[in-house]
Amino acid sequence: MVRTRQWGISAIAAAVAASGLLGAASPATAGTSSSDVTASEVTVTMQANGRAGMGTVALAAGELFSVTTTGSAKFGIGGTDTCVGTLWTTPDGARHDKDGAVCDEFHAPNQNAVLVRGATNGTVVGKIGDGPWFSIGADYTGAAPQAGILTLAYNDDVHSDNSGTYNATVRVGARAQATVFANFRMGVGTVSLEAGELFSVTASGSAKFGFGGTDTCAGTPWTAPDGSRHGDDGTRCADFHSPNPNGVLVPGAPNGTLVGKIGDGPWFAIGTDYIGTAPRTGILTLAYNDDSHDDNSGTYTANISTLP
Ligand SMILES: [Ca+2]
Ligand SMILES: [Ca+2]
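Residues numbered from 1 in each chain as written. Chains lettered and ligands numbered in written order. Predicted model: local features only at pLDDT ≥ 70, side-chain atom pairs only at ≥ 80, totals over all residues.

Participant: How should the overall build of the protein be read in this particular structure?
Facilitator: Counting its regular elements, the protein contains one helix and 22 strands. Across the 308 residues that make up the protein, the buried fraction comes to 43%. (Helix = DSSP H or I, 4+ residues; strand = E, 2+ residues; numbered from the N terminus. Buried ≥ 20, exposed ≤ 12 C-beta atoms within 10 Å, placed from the backbone.)

Participant: What exactly am I supposed to notice about the environment of E194 here?
Facilitator: Note that E194 resides in the loop between β13 (188-193) and β14 (198-208). Accessibility expressed as a C-beta count within 10 Å gives 12 for E194, which makes it exposed. Ignoring anything within four residues of it in the chain, the contact list for E194 reads A278, T281 and P308. (Contact = placed C-beta atoms within 7 Å.)

Participant: I tried to follow the confidence of the model for the protein on my own but got confused; where do I start?
Facilitator: Low-confidence regions, as indicated by low pLDDT, have predicted coordinates that should not be scrutinised in detail. Averaged over every residue, the pLDDT of the protein is 84; the share at 70 or more is 84%. Contacts of residues 1-36 to residues separated by more than four positions or lying in other chains number 77 contacts, the stretch itself having pLDDT below 50. (pLDDT = per-residue confidence, 0-100.)

Participant: Explain the environment of V201 to me, please; I cannot follow it from the model alone.
Facilitator: Assignment of secondary structure puts V201 in strand β14. Separated by 101 residues in sequence, V201 and A302 have C-alpha atoms that sit 6.4 Å apart. Residues in contact with V201, not counting those within four places in the same chain, are I270, Y274, A302 and I304.

Participant: It is not clear to me how the nonpolar core should be interpreted in this structure. Could you clarify?
Facilitator: In summary, soluble globular proteins display a tendency toward joint burial of nonpolar side chains. Core analysis: the biggest nonpolar cluster contains 36 residues, and M46, L59, F65, L150, L152, A168 and V170 have the highest contact counts within it. Those elements that provide at least two residues to this core are β1 (40-47), β2 (54-59), β3 (64-74), β7 (124-128), β10 (148-154) and β11 (163-172). For this core, the element with the highest residue contribution is β10, accounting for five residues. Setting aside its immediate chain neighbours within four residues, M46 contacts M54, L152, A153, Y154, T165, Y166 and A168. With 31 residues, the next largest nonpolar core counts A178, A203, Y274 and L286 among its residues. (Core = buried A, V, L, I, M, F, W, Y, C linked by C-beta atoms within 7 Å.)

Participant: Whenever I open this one, the sheet that holds strand β18 (residues 258-262) confuses me. Can you help?
Facilitator: Across a sheet, strands are paired by hydrogen bonds formed along the backbone, either parallel or antiparallel in direction. The four strands are arranged β13-β21-β18-β19 in an open sheet whose pairing can be described as antiparallel. The outermost strands of the open sheet, each flanked by one partner alone, are β13 and β19 (268-269). Examined bridge by bridge, β18 and strand β21 (residues 282-288) share five bridges and lie antiparallel to one another. Along β21, the bridge assignment pairs K261 with T285. (Pairing = 2+ DSSP bridges.)

Written out as structure tokens, the structure reads:
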């Protein structure tokens with residue numbers, strides 16, 4: 001499984017990004033193997049006086065992204081206290097005087113009106129979709145807690161008296177979707193990871209592990225990717241561990257947990273939401289945790305995101 005990486009710096013206006021051109025890459029198609037979506041990179045210019053912020057890229061829930069920001073800007077009233085001359089801020093929220101020396105951090109007196117309370121004025125902040133604003137700073141890497149457009153803004157309470165701009169480069173990794181069959185012990189190969197590469201997996205779906213599955217659970221129970229077991233009526237039952245732990249892919253994890261391995265490395269628990277760094281280079285393989293797979297049924301859907 002070869003993933004193409006076509007990094008291209010493009011100064012695409014926010015309007016273009018917000019229109020969904022970048023987001024049009026999602027979602028990848030489901031299948032027994034993965035379908036990759038090329039990584040992307042976009043650079044936008046943020047105006048410090050725009051409280052609504054600047055839309056950048058569309059992110060899927062759990063998708064990895066990074067933001068690096070440069071530039072200088074000013075936040076108007078309050079900016080000159082204890083700082084010489086016409087001060088300016090950098091994206092990490094540091095304040096500098098006219099000679100470039102770092103001044104004390106500045107927090108707007110009206111914290112109820114700043115976008116992110118506790119973050120200094122001038123810090124780059126972001127939000128995803130209609131989610132809450134959070135601190136980004138000069139260099140940020142994380143997984144999107146929900147789907148939506150990543151919007152970036154200048155942290156302040158009153159934006160109308162601000163000036164200057166920051167340039168933000170947003171990188172979104174490649175992504176893929178895979179279907180994990182509960183009855184396939186070998187698992188399904190997904191994306192190729194390099195040692196040290198950051199990746200995330202979000203999973204959904206329901207499956208059954210056959211023999212032993214009905215123990216202390218009503219009807220024909222099913223499992224979720226986090227290994228939780230549920231009765232026919234949806235009631236959660238106790239986790240189930242196969243009596244033969246030696247045959248289980250990850251002995252410490254309940255039956256039904258989504259598990260993975262990289263290359264010929266050991267199996268490890270993935271669950272519903274996972275983010276980690278590849279300890280070695282190789283294909284990320286995903287499977288259903290059990291000892292005997294032949295009597296299983298159902299599938300999980302896994303969305304994988306990587307950020308080289
Ligand atoms: Ca201001
Ligand atoms: Ca089984």
